[in-house]
Amino acid sequence: MTSLGRTIPYVKASACGNDFLIINGVHAADDLAALSRRICDRHEGVGADGVEWLFPTHQADVQARLFNADGSEAEISGNGTRCVAAHVCSEQAKETVVILTGAGLKVCHFISRRGAQFEFEVAMGEPEVGDELAIEVNGREVRGILVSMGNPHYVILVKEFVSGWQAEAAEIGRHKCFKQGVNIELVKIVDKSNIEVVFFERGVGETQSSGTGSCAAAVAATVAGKTESPVSVHTQGGVQTVRWEKQVYLRGSARLICRGEFFA
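I will try to describe carefully the structure that is included in this document. (Residues numbered from 1 in each chain as written. Predicted model: local features only at pLDDT ≥ 70, side-chain atom pairs only at ≥ 80, totals over all residues. Heavy atoms only, no water.)

## Overview of the overall build of the chain
The helix and strand tally for the chain stands at four helices and 17 strands. Compactness check: the chain gives a C-alpha radius of gyration of 18 Å against a globular reference of 18 Å for 264 residues, within 12% of the reference. For the chain, the spread of C-alpha atoms along the three principal axes comes to 60 × 40 × 30 Å. For the chain, the residues scored as buried account for 49% of the 264 residues in total. Summing over all exposed atoms, the chain offers an accessible surface of approximately 12200 Å²; the carbon and sulfur share of this is 46%. Across the chain, the 26 positively charged side chains and the 32 negatively charged ones have centroids separated by 2 Å. (Helix = DSSP H or I, 4+ residues; strand = E, 2+ residues; numbered from the N terminus. Rg over C-alpha atoms; globule rule 2.2 N^0.38 Å. Buried < 20%, exposed > 50% of the residue type's maximum accessible area, 1.4 Å probe, protein only. Areas by Shrake-Rupley, 256 points an atom, 1.4 Å probe, with all protein chains shown as cover. Lys, Arg positive; Asp, Glu negative; His and termini not counted. Charge placed at Lys NZ, Arg CZ, Asp CG, Glu CD.)

Laid out in structure tokens, this is it:
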């Protein structure tokens, strides 16, 4: 039997359909962007929206560096952070997991566990809400609310999700106003406590869910006077709850899917 060469062990996890590979940083390569692209490829790799690379730190239980499927590094993923917390709790019983992200320390409060399924409420920090920004896309004016959850979001309130919204979202993401790119949320108001959201994430494209995107969507809808905290955010991948009390709290599930090895 011939050697398979270098192998990289991983854990795959999903939070509301947003899937991530969790990998110990000892297996990191010099070019983490290229390796993350390879392993996230859904045909030639394992397949995921991103990789959470874990490193030791004195500031928290673990440091998580997030690389998107296209190899770009992002400040944070709310769903990815919950997946990391689930991984940590699967190996050691903890009521609170503190994770150092590119957007600062995030505290994940353990709520429940059922087998490989975990539920957490994560303190996501205080949002930064900007003004409504109007931009021109393909000859049409689009208006959205700028929200930062440690990463940038452009939240558009809509009456319905129209066919082909993904193409327009991709154009918005490439707009000259967003020098570092932007995460885009389209939000349909159901009532004061419920919204439906679709996501087009920087470095990934359309995703079934987004943790920071859910937070940004709920914050924008509340600022616009359409909702009141707490807000249930309904996505293709499931429901998360956003509570805004100066700081934003995100509650939702995270499921460990499998372990494996990637032949690098």
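## Remarks on helix H1 (residues 32-40)
Among the residues of H1, Leu32, Ala33, Leu35, Ser36, Ile39 and Cys40 are the ones counted as buried. Along the axis of H1, the buried residues cluster in a sector spanning 165°; they form a single face. The secondary structure elements touched by the buried residues of H1 are strand E1 (7-15), strand E2 (18-24), strand E3 (50-55), strand E4 (62-68) and strand E17 (247-263). (Arc of directions from axis to C-beta. Contact = heavy atoms within 4.5 Å.)

## Here we look at the pattern of salt bridges
Evaluation of the coordinates by the stated rule reveals 15 salt bridges. With its nearest N and O atoms 2.6 Å apart, the salt bridge here joins glutamate 75 to arginine 202. Placement of glutamate 75 in the loop between strand E5 (73-74) and helix H2 (78-91) and of arginine 202 in the loop between strand E13 (194-201) and strand E14 (205-207) is noted, with a sequence separation of 127 residues between them. Relative accessible area serves as the criterion here: at 18%, arginine 202 is assigned to the buried category. Residue glutamate 171 pairs with arginine 174 through a salt bridge whose shortest N-O separation is 2.6 Å. Each of the salt bridges in this network shares a partner with another, and the network as a whole consists of Lys12, Asp19, Arg42 and Asp49. (Salt bridge = Lys/Arg side-chain N within 4 Å of Asp/Glu carboxyl O.)

## Comments concerning the pairing of strand E6 (residues 96-101)
Note: E4 against E6, two bridges, orientation parallel. Each residue of the ladder has a partner; that of valine 62, found in E6, is isoleucine 99. With six bridges connecting them, E6 and strand E7 (residues 104-114) associate as antiparallel partners. Within E7, the residue paired with isoleucine 99 across the bridge is lysine 106. A loop of two residues connects E6 with E7, the two strands running antiparallel in sequence. (Pairing = 2+ DSSP bridges.)

## Digging into the layout of surface pockets
Empty space among the atoms becomes apparent when a probe as large as a water molecule is rolled across them. In this structure, the largest pocket occupies an estimated 350 Å³ of space. Within the residue set of the lining of the largest pocket, elements represented by two or more residues are E1, E2, E3, H2 and E17. Its residues assigned to classes, the lining of the largest pocket shows 10 nonpolar, five polar and three charged. Estimates place the volume of the second largest pocket at around 230 Å³. Arg140, Ile156, Val158, Glu168 and Leu186 are, among the 14 residues lining the second largest pocket, the residues nearest its centre. When contributions to the lining of the second largest pocket are tallied by element, the ones reaching two or more residues are strand E10 (140-148), strand E11 (152-158) and helix H3 (165-173). (1 Å grid on protein atoms, 1.4 Å probe; cavity = no way out; pocket = protein on both sides within 12 Å on 5 of 7 lines; lining within 4 Å. Points joined across faces, edges and corners; volume = space filled by probe spheres on them. Nonpolar A, V, L, I, M, F, W, Y, C, P; charged D, E, K, R; others polar.)

## Here we look at unusual backbone geometry
For the peptide bond that leads from serine 229 to proline 230, omega is 0°, which places it in the cis range. Following the sequence through the fold, proline 230 ends up in the loop between helix H4 (211-223) and strand E15 (231-235). Here the phi dihedral of asparagine 138 falls at roughly 55°; this positive angle occurs in a residue that is not glycine. Topologically, asparagine 138 is positioned in the loop between strand E9 (128-137) and E10. A relative accessible area of 63% means that asparagine 138 is categorised as exposed. For lysine 246, which is not glycine, the phi torsion reads 70° and is therefore positive. Looking at the element boundaries, lysine 246 is found in the loop between strand E16 (238-245) and E17. Looking at lysine 246, the relative accessible area reads 62%, which means it is exposed.

Without other data, these values stay purely geometric and don't point to any function.
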